[in-house]
Amino acid sequence: YHVDNIKRKFAVTRALISARDRATGIRDALRDAALESFGRVDVLVHSAALFEPMAIVETPPESLDRQWQTNVRAPFLLTQAALPHLGAGSSVIFISSIAGHVGFPSSAAYCATKGAVELLVRALSLELSPLGIRANVIAPGNVFRHRVQLQRQALAQIARAYSDRIHILQML
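Anyway, here's the lowdown on the structure attached to this text.

Scoring rules and cut-offs
- Residues numbered from 1 in each chain as written.
- Predicted model: local features only at pLDDT ≥ 70, side-chain atom pairs only at ≥ 80, totals over all residues.
- Heavy atoms only, no water.
- Helix = DSSP H or I, 4+ residues; strand = E, 2+ residues; numbered from the N terminus.
- Buried < 20%, exposed > 50% of the residue type's maximum accessible area, 1.4 Å probe, protein only.
- Polar contact = N/O pair within 3.5 Å; in protein donor to acceptor, adjacent residues only side chain to side chain.
- Pairing = 2+ DSSP bridges.
- Axes fitted to C-alpha atoms, helices over the stretch in contact; angles between N-to-C directions.
- Contact = heavy atoms within 4.5 Å.

**As for the side chain of Ser97**
Stage number 1. Along the polypeptide, Ser97 turns up in the loop between strand E2 (86–95) and helix H4 (108–128).
Stage number 2. On the basis of relative accessibility, which here comes to 9%, the residue Ser97 falls in the buried class.
Stage number 3. Of the polar contacts made by the side chain of Ser97, one reaches the backbone nitrogen of Ala99; its length is 2.9 Å.

**Topic: the sheet that holds strand E1 (residues 41–46)**
Stage number 1. An order of E1-E2-E3 is seen for the three strands of this open sheet, with the pairing classed as parallel. If you trace the sheet from one side to the other, it starts and ends with E1 and strand E3 (134–138), each paired once. Along the sheet, successive strands turn relative to each other by an average axial angle of 15 degrees, direction set aside.
Stage number 2. Both E1 and E2 contribute to a ladder of five bridges, which runs parallel. Bridge pairing in E2 links His46 to Phe94.
Stage number 3. With respect to the sheet, helix H3 (residues 61–82) is in contact with E1 and E2, its orientation differing from that of E1 by roughly 175 degrees.
Stage number 4. H4 contacts E2 and E3 of the sheet and is inclined by roughly 155 degrees relative to E3.

Just distances and angles here, no functional claims.
Encoded structure:
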């Protein structure tokens, strides 16, 4: 019942929000629906992500913007909206990625957003811990899916293209 209620309110609210106010409106709608359904917010989990793999020279600014909006801006704004309703003992959890620690070819924009998430959580941890609110990040490794296959293919291409240099580096 509660999930259906949230979905219904989210869909109605989304239809009513202008493009300019969309992010703020959705943020507030999600917060309000959670408060109406559950009465409080104990845990906020940011698990949405967008990954558009392509070489940096091929990445249009719109792709970087979409990934930034989904992976960094939306969790920032949702956390901001939920903070007045989070009490001591509550948690804010971000799902990041190994890409926030290790760069991957054809993933510069995604890696940048996940690195930003990592630092956002570090800052939030310092800011929220005096209030008794935990901010944590979970950074899983690769989940075998199509994008992992693309990354492996890209790494193999790079290894073939630079095999003489890689061999020299291995010898050093």
